[in-house]
Structures are given as C-alpha cells and as structure tokens.
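A closer look at the structure
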Amino acid sequence: MTPVEMPLPGTEIRPDEASKGVREPEYLVVCWNDPINAMLYVTHVFRTVFGWDRKKAEKHMLEVHEQGRSVLTREGFEKAEFYVHQLQKFSLQATLEPAGD
Amino acid sequence: MKLVSREHGRLVFRLNSREYDALRAAVALRSHLTRRRRPLTGDTAVSGPLRGAEEDLDEALKAHRDELTTSVDVLLTDSVRCALQPRGVRLLTLDTEDANLLLQVLNDLRVGAWERLGCPDFEAGERPEVNEGNFMCLWAFQVTEMFEAHLLDGLMGED
C-alpha cells in the first residue's frame, strides 16, 4: 500500500500550490569551529549522528577545523532541525540556515 | 581507567576506586556547571517560526541534559554494568549506546567547565590563573578530558 502524504495539522494548502507542487524550503545544517571540542570527538559525533564512514566524517571535521565551518547536509526544516538538535546534544556548535538556491 | 576488552560492540573498562570516585564526583558537578544558551541559527534576529523552534531547542536540550544525568547515575550504580570487584575496582561494561551517553555527559561537563572559565583558547596558549573561584572547573575540565579520551579510544577502535 502506498503511504499517503498528509499535511500537518494547521497547515493550509492553497490549491494553486498543491497543483504546482511547491517545494518545501530547504536548510543547511552547519557545524562551526570551536576551540574546545577535540578533532577525534567531532569525527566520532559526525559518524554517530549521520552514520557516515570515517573518511567522510574526517573530511567534514577538517573543513570545520580549517575553514571555520562545514555544511553537513541540506534538508527540509524538520530534518535539519532534528540534526541540529542531535549535534547540539553532543555539545557541537551547529546551526541551520536557509539554503537559498 | 583501562580498556580491558572490546567485543561485539561491548566495551569493558577497569576503573580503580580513585578513578571511579573521580568519575562520580565529576558527574555530580553537572548541576553546578550549567550551559550557555545555544542558538538554532546563526542569525541573531530570529523571528516567526524560527523563534518557536529556538525555544523548542532550548527545552529539548534541558530535558535531554536531565535525562542524561539520570541515565548515567543509574549506569554508574548498576551492580551488573558497573560491577564492584575486590579492592574497590569497578568493571564498567558499556554497549555503544551507553558509551555515547557517558561521552555526552562528560563532554557537556567539559564544555560547561570551559564556559565557566571564560572560554579560554588553550591551543592559542591561554591559561586561566588557578584561583579559589575556578579550581573546581579546572579539575572538572582535566578529569572529564581524561575519561573522554579513554572512551573515544574504545569507541573509535570499533572499526
């Protein structure tokens, strides 16, 4: 059986939007450098939160360390918010920002 | 603290009585080392739905912190997962989930102590002066760092 996508309660869908298939705005999940979290720790957190392999986690960790920030993923609001929560639970400095286009 | 074995996703650490007491004392400091508010976005002028989401994050982090403290207290007093051996030695058996819980608590403490110390950049050579007001933070910072390193060693060696 195919799952039917239902709007969230309180969400109003205008007929013109529904027919045009308006895309949900996307957000970037960004991790920022800080002088406190160790590189090994950051790598471990990326692997735990995103399920990445060591190579990918280290690539993003080095981006954070060398460039001051790394865009970890691009998602709809709820998923982006979820990832920020997970990263902040591990005390990483993570934020979300509108992706633009 | 020493990693004794790592099998099937289970880590077993041996802690002598002083290490165990230090770990318990560090975890007990959590209520004194509260954390700064952490933003959801880098934008300082948050408005509309993001403001609500920012408040949700705050609440979620506070609730998570309380849950973590309780879970770790239970873990460290569990007679099976933290089994008492002769001479006060403890064998701490952690599955990956427990190890991550403990890691989060220790890092939260470490960052909380660092914030209380004024966020010094240790890599850049900044060293806070030890005084009556901050010696406990310096102690918590060092102790949690040591336990964290052992846990990470165990977890990262899993691959």
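From a predicted model like this one, the values you see are computed outputs, not experimental measurements.

Reading the values: rules and limits
- Residues numbered from 1 in each chain as written.
- Chains lettered and ligands numbered in written order.
- Predicted model: local features only at pLDDT ≥ 70, side-chain atom pairs only at ≥ 80, totals over all residues.
- Helix = DSSP H or I, 4+ residues; strand = E, 2+ residues; numbered from the N terminus.
- Contact = placed C-beta atoms within 7 Å.
- Core = buried A, V, L, I, M, F, W, Y, C linked by C-beta atoms within 7 Å.
- Buried ≥ 20, exposed ≤ 12 C-beta atoms within 10 Å, placed from the backbone.
- Pairing = 2+ DSSP bridges.
- Axes fitted to C-alpha atoms, helices over the stretch in contact; angles between N-to-C directions.
- pLDDT = per-residue confidence, 0-100.
- Nonpolar A, V, L, I, M, F, W, Y, C, P; charged D, E, K, R; others polar.
- Expected span 1.5 Å × (residues − 1).

1. Some remarks on the environment of A:Phe46
Residue and element names in this part refer to chain A. Here Phe46 shows up in helix α2 (residues 39-50). Taking the C-alpha atoms as reference, Phe46 lies 12 Å from Val29; in sequence the two are 17 residues apart. Look past the residues within four positions of Phe46 in its chain and what remains in contact with it is Trp52, Ala57, His60 and Met61.

2. A look at the nonpolar core
B:Ala99, B:Leu102, B:Leu109, B:Ala113 and B:Ala140 are the most contacted members of the largest nonpolar core, which totals 28 residues. Contributing elements (two or more residues each) for this core: β2 (10-15), α1 (17-28), β4 (90-95), α3 (96-116) and α4 (135-156) of chain B. Examining the composition of this core, we find that 9 residues originate from one element, α3(B), more than from any other. Discounting residues that sit within four places of it in the chain, B:Leu109 has contacts with B:Ala26, B:Leu29, B:Arg30, B:Leu33, B:Ala140 and B:Thr144. Formed by 23 residues, the second largest nonpolar core is a distinct cluster that contains A:Phe46, A:Val64, A:Leu87 and A:Phe90.

3. Digging into the sheet that holds strand β3 (residues 93-98) of chain A
All names here are of chain A. Spatial ordering of the open sheet is given by β2-β1-β3, a layout of 3 strands whose pairing is antiparallel. Strand pairing shows two members of the sheet lacking a second neighbour, β2 (69-76) and β3, which therefore form its edges. Adjacent strand axes in the sheet meet at a mean angle of 25° when their direction is disregarded. Pairing analysis gives 6 bridges linking strand β1 (residues 26-32) to β3, with the strands arranged antiparallel.

4. Quick word on the environment of B:Leu76
For B:Leu76, the position within the fold is in helix α2 (residues 49-77). Separated by 50 residues in the primary sequence, B:Leu76 and B:Glu126 place their C-alpha atoms 34 Å from one another.

5. As for the confidence of the model for chain B
Across chain B, pLDDT averages 89, with 94% of residues at or above 70. The complex model carries a pTM of 0.84, and its ipTM stands at 0.87.

6. Points about the interface of chain B and chain A
Taken together, the contact pairs 24 residues of chain B with 17 residues of chain A. When residues of the side of chain B that touches chain A are traced back to their parent elements, those giving at least two are α2, α3 and α4 of chain B. For the side of chain B that touches chain A, the element with the highest residue contribution is α3(B), accounting for 6 residues. Its residues assigned to classes, the side of chain B that touches chain A shows 12 nonpolar, 6 polar and 6 charged.

7. What about α2(A)?
Here α2(A) contains 12 residues, and its C-alpha end-to-end distance of 16 Å stays within 8% of the 16 Å for a straight helix at 1.5 Å per residue. Every buried residue belonging to α2(A) is among A:Tyr41, A:Val42, A:Thr43, A:His44, A:Val45, A:Phe46, A:Arg47 and A:Val49, and all of these are buried. Looking at the packing, one finds that the buried side of α2(A) touches α3 (54-67) and α4 (77-89) of chain A together with α3 and α4 of chain B. Downstream of α2(A) by a residue or two, A:Gly51 has a phi angle that is positive, lying close to 70°.

8. A short note on the confidence of the model for chain A
Taken as a whole, chain A shows an average pLDDT of 84; of its residues, 78% reach a score of 70 or greater. Residue range residues 1-13 of chain A is modelled with pLDDT below 50. Its contacts to residues more than four positions away, or to other chains, number 2 contacts.

9. Describing α4(A)
In this model α4(A) runs 18 Å from its N-terminal to its C-terminal C-alpha over 13 residues, within 8% of the 18 Å that 1.5 Å per residue would give. Along α4(A), the residues that are buried comprise A:Ala80, A:Glu81, A:Tyr83, A:Val84, A:Leu87, A:Gln88 and A:Lys89.

10. Some thoughts on the sheet that holds β2(B)
Residues and elements named next belong to chain B. Pairing is antiparallel across the open sheet formed by 4 strands, whose spatial order is β1-β2-β4-β3. Of all strands in the sheet, those with a lone pairing partner are β1 (2-7) and β3 (82-84), marking the two edges. Here the strands of the sheet are splayed against their neighbours by 20° on average, with no regard to which way each runs. As judged from the 3 bridges shared by β3 and β4, these two strands associate in the antiparallel manner. Counterpart to Ala83 in the pairing with β4 is Leu91. Packed onto the sheet, α3 meets β2 and β4 and runs at close to 105° relative to β4. Across the sheet, α4 is in contact with β1 and β2; its angle to β1 comes to roughly 20°.

11. Examining unusual backbone geometry
Despite not being glycine, A:Ser91 has its phi angle at roughly 70°, a positive value. Looking at where A:Ser91 falls in the secondary structure, it is placed in the loop between α4 and β3. Residue A:Ser91 is classed as buried on the basis of its 24 C-beta neighbours within 10 Å. Despite not being glycine, B:His8 shows a phi value in the positive range, around 45°. Mapping B:His8 onto the fold places it in the loop between β1 and β2.

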